[in-house]
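Topology and contacts: notes
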Amino acid sequence: MSVVSLLDLGCEKNILSHQEDIHPVVVYDDPSDQRSLSLDDISSADDSPNETCLSLELTNEVVPYIGQRFTSHDSAYEFYSEFAKRCGFSIRRHRTEGKDGVGKGLTRRYFVCHRAGNTPVKVANENKPQRNRKSSRCGCQAYLRINKTTELGISEWRVTGFVDHHNHDLLEPNQVRFLPAYRNISENDKSRIFMYAKTGISVQQMMKLLELEKCVEPGFLPFTEKDVRNLIQSFRKLDPEEDSIDLLKMCSNIKEKDHNFRFEYTLDLNNNLENIAWSYASSVEAYGMFGDAVVFDTTHRLTAFDMPLGIWIGINNYGMPCFFSCVLLREENLRSLSWALKVFLGFMNGKAPHTILTDQNMCLKEAVTAEMPTTKHALCIWLIVAKFPSWFNSVLGERYNEWKEEFYRLYNLESIDEFELGWRDMIYSFGLPSNKHIANLFALRSLWAVSYLRSHFMAGLTTTGQSKSINAFIQRFLSAQTRLAHFVEQVAVAVDFKDQAGEQRTMQQNLQNINLKTGAPMEAHAASVLTPFAFIKLQEQLVLAAHYASFQMEDGFLVRHHTKLQGGRKVYWDLQLGIISCSCDQFEFSGILCRHALRVLSTGNCFQIPERYLPQRWRRFNSSALKPQSTLTDHGEKVKRLQSMVSTLVSESSKSKERLDLATEQVSVLLSQIKDQPISTSFVSRGATVHRCF
């Protein structure tokens, strides 16, 4: 907005006669008021507006002018504030003076632009952390001065000085409302927000409800989400110690009712709650089946308590999120994260996951290495992708979406060589060779790129599509932030095993009429064993297998697409041992056989998929399968370990003819010894199944 002209706004003629310059200047009607005003002095005791509700005086004037009268200095302040809001700035009280500067009450006031003066340089204090916030003050000279006069015993305030020239840009109407002076939460709105907070709804939902109640357009409330979050934070600062006590009482009460409920906590030197973690009996049981690959998401925060929140989540046999554990930390440092990992392992009876996916956090990486040395650590791709807009949007501009598509293509490549060559071409094509984020991503490529992770089981957690279902699951309880005890209750509802079982049944019903696409006996066999989620994944590979040709070699099979004359994947198949493996590592990565292996099985006239390649974690079973049964659980664990060892054996043996010959000889001897061992009839009668491959 340009400088306001008194001529254009129709002020009194005796004032206009003095305003021949296009920039308004200070005009005095009292020579005694002609004194310089230094706005660099910001040490006034009254430097911010009082929180007083005022009524705007009835007047036809829209611009302050010399000689304008007000019944009180508050009326003058409100008039000038309304004028400032229309023009694109805000004001504050700057200086108050008594008569002749000493006593006799208040006789003069200055109101200045919010950007007046200059922020003094703070003296550095090594013992106190400094908040390096950028100041908005730039020495603006715009101001309004009023003097108090008394005539016939009646006091009034008169404008004796006015400058409307600013040395900074003024804001547009849709921007000026975000200045702190114009953001205000009324007492009624505070009451509504406090009530909403008790119900556990999110701040975004609160804003939408208030917009509907007030019939205002989205984003036009007189306050922002940040103001609401700060208000909720102030609620929690009333007595945080009492809230911590309530949380521990809540956990103790749950423990009394359910002895399988588990929780651990630590106290600081002042005996205040520092960290707390908990898990439910159903979660521990689910972990026994689906704890091979887990996500430890530490990117969320309970804003009402300013505490980092860590959530352990996995994927069940229906491809749905399942909750394992939850942890609240005072600080997200190496000590607290190591404690969280130790406690989690304790909850899960010492069983570490095969794979853990986390955010890009160096403290967490170090903690996982120390506490879970046998676990493969990887980075969650969707947590990385979530940062892309802030990293690359401004750098790439219109090419951002094109670059993102190329990134996903490289991310999903199977070959490490193809990935690295493609990455090099990509950074030069998009002009990113010196970008620090690109350099950091490439340095960590072995922790997130699929081509580097294919020999480790990921349960489908590397797909960005899983992020939506996991985030939706987390949002069930993430918004309950009024009291910590309420938060634990909300988590309990969200992870209720009956609810999850109901969702599984619904998903199964929606997919029960799956169409068989190939007509192959292997497809029908898999459909009868696997859950709909897993079967669809396998069916995709069966359909693709028809497009591949297999060639028998001396030490296995070479499988490649029928349009290709070179390359392909090497498949090893031992019919006697019932073992098949592929160099693409698809089964090791997802638990689903690849199109290359399926093509070889089909060529070898196999009509059923070997049992070991229909993993238990992807099979259909009823809820009773999750009930603790020590014998079956021990048996299942041993079978899983053996399968893992066999997979590693095949992978290592296929690397050379010498290794393969040695492994075949030794395994043949071992298999003959195993077949000679008797099978316990009592064990079979309890329902254990002996898996045999053909």
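Residues numbered from 1 in each chain as written. Predicted model: local features only at pLDDT ≥ 70, side-chain atom pairs only at ≥ 80, totals over all residues. Heavy atoms only, no water.

Things to note about the overall build of the protein chain
- Helix and strand counts for the protein chain come out as 26 helices and 16 strands.
- Here the contacts in the protein chain between residues at least 6 apart in sequence split such that 62% fall between residues at least 24 apart.
- Accessible surface computed for the protein chain: about 37,400 Å², of which carbon and sulfur atoms make up 51%. (Helix = DSSP H or I, 4+ residues; strand = E, 2+ residues; numbered from the N terminus. Contact = heavy atoms within 4.5 Å. Areas by Shrake-Rupley, 256 points an atom, 1.4 Å probe, with all protein chains shown as cover.)

A look at the pairing of strand E9 (residues 307–315)
- Burial of E9 is extensive: nine of the nine residues sit out of reach of the surface.
- Along E9, one buried face is formed by Met307, Leu309, Ile311, Ile313 and Ile315 and the opposite face, lined by Pro308, Gly310, Trp312 and Gly314, is buried too.
- Direction of pairing for E9 relative to strand E10 (residues 321–329): antiparallel, over a ladder of seven bridges. By the bridge assignment for E10, Ile313 is matched with Phe323.
- Once E9 ends, the chain turns through five residues before running back antiparallel as E10, passing Gly319 with a positive phi of about 75°. (Buried < 20%, exposed > 50% of the residue type's maximum accessible area, 1.4 Å probe, protein only. Pairing = 2+ DSSP bridges.)

Some words on the UniProt feature "domain: SWIM-type" (unreviewed entry) in the protein chain
- The positions that UniProt labels "domain: SWIM-type" (unreviewed entry) are, in the present scheme, residues 573–605.
- Secondary structure across residues 573–605 comprises 42% helix and 18% strand; the distance between its end C-alpha atoms is 13 Å. (UniProt positions renumbered as here; feature names shortened; annotations may be inferred.)

A word on helix H5 (residues 203–214)
- An ideal rise of 1.5 Å per residue puts 16 Å on twelve residues; H5 measures up with 16 Å between its terminal C-alpha atoms.
- The complete set of buried residues in H5 reads Val203, Met206, Met207, Leu210 and Glu211. What you see down the axis of H5 is that its buried residues fit within an arc of 135°, all on one side. Exposed and oriented more than 90 degrees from the buried face of H5 are Lys208 and Leu212.
- A positive phi of about 55° marks Cys215, the residue just after H5. (Expected span 1.5 Å × (residues − 1). Arc of directions from axis to C-beta.)

So, the sheet that holds strand E13 (residues 548–553)
- Pairing within the open sheet is antiparallel, and its four strands lie in the order E13-E14-E15-E16. Unpaired on one side and paired on the other, E13 and strand E16 (579–582) mark the two borders of the sheet. Going across the sheet, the axis of each strand differs from the next one's by a mean of 25°, ignoring polarity.
- Each of E13, strand E14 (556–561), strand E15 (569–574) and E16 touches helix H23 (residues 595–603); the most contacted strand, E13, lies at about 70° to it. (Axes fitted to C-alpha atoms, helices over the stretch in contact; angles between N-to-C directions.)

Points about the sheet that holds strand E7 (residues 273–279)
- Read across the open sheet, the seven strands follow the order E6-E7-E10-E9-E8-E11-E12; overall the sheet is mixed. Only two strands of the sheet have a single partner each, and these edge strands are strand E6 (262–267) and strand E12 (376–379). On average, each strand axis in the sheet is tilted by 20° relative to the strand beside it, whichever way the strands run.
- Bridge count for strand E8 (residues 293–302) against strand E11 (residues 355–358) is four bridges, and the pairing is parallel. Directly across from Ala293, in E11, lies its bridge partner Thr355.
- Lying on the sheet, helix H8 (residues 281–290) is in contact with E6, E7, E8, E9 and E10; it crosses E10 at an angle near 120°.
- Relative to the sheet, helix H9 (residues 334–347) contacts E6, E7, E8, E9, E10 and E11, its axis offset from that of E7 by approximately 30°.

Considering the nonpolar core
- Counting 100 residues, the largest nonpolar core has Trp278, Phe388, Trp403, Trp423 and Trp448 as the members making the most contacts within it.
- Per-element accounting of this core gives the leading share, six residues, to helix H21 (residues 532–545).
- Looking at which domains feed residues into this core, each of domain 3 (239–380 + 448–509) and domain 4 (521–618) gives three or more.
- For Trp448, the residues in contact, after removing those within four places along its chain, are Leu379, Ile381, Ile384, Phe407, Tyr411, Phe419, Trp423, Leu441 and Leu453.
- Ranked by size, the runner-up nonpolar core spans 27 residues in total, among them Trp312, Ala340, Val343 and Leu364. (Core = buried A, V, L, I, M, F, W, Y, C linked by side-chain atoms within 4.5 Å. Domains from an automatic or database assignment.)

Describing H8
- Within H8, eight of the ten residues are buried, which leaves it mostly tucked inside the rest of the structure.
- Within the sequence span of H8, burial applies to Ala281, Ser282, Ser283, Val284, Ala286, Tyr287, Met289 and Phe290.

A look at unusual backbone geometry
- Its identity is not glycine, yet Cys215 carries a phi of approximately 55°, on the positive side.
- When its relative accessible area of 71% is taken as the criterion, Cys215 is described as exposed.
- You will see that Asn349, though not glycine, has its phi angle at about 60°, which is positive.
- Judged by relative accessible area, Asn349 falls into the exposed class, the value being 59%.

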